[in-house]
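# Per-entry structural report
The primary structure of each chain is shown beneath.
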Amino acid sequence: MKKILNYINGKLVEPATQKWLNNVNPATGKDYSLIPDSDASDVEEAYKAAANAFPSWSTTPYAERSQILTKLADLIGANLESLALAESIDNGKPVSLASHVDIPRAESNIRFFASAINHFHSEAHIMEDRGINYTNRKPIGVVGCISPWNLPLYLFTWKIAPALASGNTVVAKPSEVTPMTAYLLSELCIEAGLPAGVLNIVHGLGPSAGDAIISHPKIKAISFTGGTKTGAYIASKAAPMFKKLSLELGGKNPAIIFADCDFDEMLKTTVRSSFANQGQICLCGSRIFVERSIYTKFKEAFVAKVARMKAGNPLDPSTKFGAVVGKDHMNKVLEYIQLAKEEGGTVLTGGNRIFPEDEACAEGYFIAPTVIEGLDYMCRTNQEEIFGPVVTLTPFDTEEEVLKMANSVEYGLAATVWTSHLNRAHKMAQQLESGIVWINCWLVRDLRTPFGGVKSSGVGREGGFEALRFFTEPQNVCIQLTS
Ligand code: NAD
């Protein structure tokens, strides 16, 4: 079986532990490769390589760092098809999604920060005739980047690109559930001529390899994307060591639909915002609130469209809806559907495990896209993150009422508002407790904008100069003017 390898000090190496984990293809339910089950000794090697590489990388002119990263972006583009195929096999997502979203976006992440570093600037504060302050933004040193399984290469590159562009060296860990494309990226880093030790990728489990990164006393900043519970744990470990922390965590996003919206556009986009990547995008809208006057019209049209969505073999280019990421996750989502029924919900479509009409997927982990109504907005189904192809429908009468329901959760990542009323759109955006608000659209991304959540959805912001600021330490230099 193919072995995924760690990438340490510019070389692809087996874990010191010589222990391996099975990597499962969720569409077939079969093991297909082996993942290093790395531990603290592998992380220590990665740290040493990164620390050795730091003096040279941090003083490499930014234009040169930019060129190397641009070469890496070019290589991702040149390998789009094989990376998309690998992502689809590893994650269960349709290959069409991986080739149109995940891999192109991984390429743009690297290209964007390779370019952004050429434009990054810092401030000067002039004290009339007394002096001048300028802000020296220095790379931090060795930083840790830890990413989840839902958008594997996409989110991995979203972290490492700004870290590297701003002159840090990195110890990174992709999710053990979907490690393949990060491994393939390490091969491309070698081809791109990234100097040894600048990026180190250690594969393995959160409580061993991940924990060794966050607990390492000399890894001074952690950029983490994943679940809220893991984020809280990481914060508790990192805070006493005064590490800089960026946490992108869970969500339970509202989609708010007013009767005056463009119905057709809203309907098409709401199907996507509910079920893209099998609902496993932190930005998916899982609580759909609909103004009562169009509730029945929306429900009928939405359920009809969703019921027509067919799960298929993710490797078939025509498949739009694939497998969920794994068996445990599938069982967790099915348990939530059962809970919704116990809480009084009515399943309007879906609600069960399914099998596509393809022999290869006979043991795969597929769940029918599921729509539920009739639940109280405070019940567990409407409060807890499910992170699968499950949405709830709730009618509302007034702006105040829907705001109260939308803001009732512990999370605050993204919200979508559908209305043609300009003032209402702005008013809702002001009052929604979320880091991102999309008005009459969803997942429209400008990489320059601040990205992240409030409340239990995270701390800090990624994206654009926010990310470059996170990965640098500002130092004020004050020069007194003497006459
Ligand atoms: P997770 O928290 O289980 O794992 C995320 C990463 O953290 C993995 O690499 C894992 O190995 C590592 N990890 C786990 N325990 C660790 C520990 N003790 N120390 C260090 N590292 C550890 O999350 P997941 O199941 O992979 O991802 C799904 C979650 O990610 C969802 O909650 C989703 O909302 C969230 N997410 C958030 C965003 C965002 O931008 N806010 C984006 C995507 C996913």
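Here the structure is a predicted model, which means the values were calculated and not measured.

## Digging into the site of the ligand
Contacts to the ligand come from 29 residues, most closely from K173, E176, T230, L249 and E385. Between an oxygen atom of the ligand and a main-chain N or O atom of G206, the distance comes to 3.4 Å. Contacts to the ligand include G226, whose backbone N or O atom sits 3.3 Å from an oxygen atom. Protein chains shield 89% of the accessible area of the ligand, which is 850 Å² for the free molecule. Looking at the shell around the ligand, the elements that each hand over two or more residues are α7 (206-215), β11 (221-225) and α8 (228-238). A per-element tally of the shell around the ligand places α7 first, with four residues. Split into classes, the residues belonging to the shell around the ligand amount to 13 nonpolar, 11 polar and five charged.

## Topic: empty space enclosed by the protein
Within this structure, the stated rule accounts for three cavities of 30 Å³ or more. Its volume calculated, the largest cavity comes out at about 130 Å³. Contributions of two or more residues to the lining of the largest cavity are made by β14 (285-291) and β19 (390-396). Residue classes in the lining of the largest cavity are distributed as seven nonpolar, seven polar and two charged. Approximately 80 Å³ is the volume attributed to the second largest cavity. Elements that contribute at least two residues to the lining of the second largest cavity include exactly β13 (253-257), β20 (411-412) and β21 (414-418). Each residue belonging to the lining of the second largest cavity can be placed in one class, and the counts come to eight nonpolar, four polar and four charged.

## Digging into the sheet that holds strand β1 (residues 2-3)
Spatial ordering of the open sheet is given by β1-β5-β4, a layout of three strands whose pairing is mixed. Every other strand in the sheet has two partners, leaving β1 and β4 (20-25) as the edge strands with one partner each. As judged from the two bridges shared by β1 and strand β5 (residues 30-36), these two strands associate in the parallel manner. Residue pairing across strands places K2 opposite S33, the latter belonging to β5.

## Quick look at the domain arrangement of the chain
Often, the extent of an interface is quoted as the loss of accessible area on bringing the components together. When its domains are assigned, the chain resolves into domain 1 (2-249 + 457-478) and domain 2 (253-447). In this structure, domain 1 and domain 2 have C-alpha centres spaced 30 Å apart. Contact residues are listed per partner, giving 32 residues for domain 1 and 32 residues for domain 2. Here domain 1 packs against domain 2, burying approximately 2400 Å² in sum over the two surfaces, 59% of which is carbon and sulfur. Of all residues in domain 1, the largest losses of buried area upon contact with domain 2 belong to A27, W149 and S457, amounting jointly to 22% of the total for that side. The tally of links between domain 1 and domain 2 comes to one salt bridge. For E363, the salt bridge is made with K30, and the minimal N-O distance between the two is 3.9 Å. Among the elements of the structure, α3 (80-91) and α4 (95-116) are those that each provide at least two residues to the side of domain 1 that touches domain 2. In terms of residue count, the dominant contributor to the side of domain 1 that touches domain 2 is α4 (seven residues).

## A look at the side chain of E291
As for its position among the elements, E291 is in strand β14. Summary of buried charges: E291 has no salt-bridge partner, and the nearest side chain of opposite charge, R424, is 4.6 Å away. Those residues in contact with E291 that lie beyond four places of it in its chain are I257, F258, A259, F396 and D397.

## A look at the packing of aromatic side chains
Summed over all chains, the structure comprises nine aromatic pairs. On the numbers, 5.8 Å between centres and 55 degrees between planes, the contact of F113 with W158 is tilted. Taken together, the residues span a long stretch of sequence, with F113 in helix α4 and W158 in helix α5 (residues 152-165) at a distance of 45 residues. The structure contains a cluster of three or more aromatic residues connected by ring pairs, namely F112, F113, W158 and F451.

## Concerning α8
Looking at α8, one finds that the buried residues are T228, G231, I234 and A238. In a view along the axis of α8, the buried residues occupy a sector of 115 degrees, so they form one face of it. Packing partners of the buried residues in α8 comprise α7, β11, β12 (244-248) and β20.

Rules and cut-offs
Residues numbered from 1 in each chain as written. Predicted model: local features only at pLDDT ≥ 70, side-chain atom pairs only at ≥ 80, totals over all residues. Heavy atoms only, no water. Near = heavy atom within 4 Å. Polar contact = N/O pair within 3.5 Å; in protein donor to acceptor, adjacent residues only side chain to side chain. Areas by Shrake-Rupley, 256 points an atom, 1.4 Å probe, with all protein chains shown as cover. Helix = DSSP H or I, 4+ residues; strand = E, 2+ residues; numbered from the N terminus. Nonpolar A, V, L, I, M, F, W, Y, C, P; charged D, E, K, R; others polar. 1 Å grid on protein atoms, 1.4 Å probe; cavity = no way out; pocket = protein on both sides within 12 Å on 5 of 7 lines; lining within 4 Å. Points joined across faces, edges and corners; volume = space filled by probe spheres on them. Pairing = 2+ DSSP bridges. Domains from an automatic or database assignment. Contact = heavy atoms within 4.5 Å. Buried area = accessible area lost by both parts, 1.4 Å probe. Salt bridge = Lys/Arg side-chain N within 4 Å of Asp/Glu carboxyl O. Buried < 20%, exposed > 50% of the residue type's maximum accessible area, 1.4 Å probe, protein only. Lys, Arg positive; Asp, Glu negative; His and termini not counted. Phe/Tyr/Trp six-rings, centres within 6.5 Å; stacked < 30°, edge-to-face > 60°. Arc of directions from axis to C-beta.

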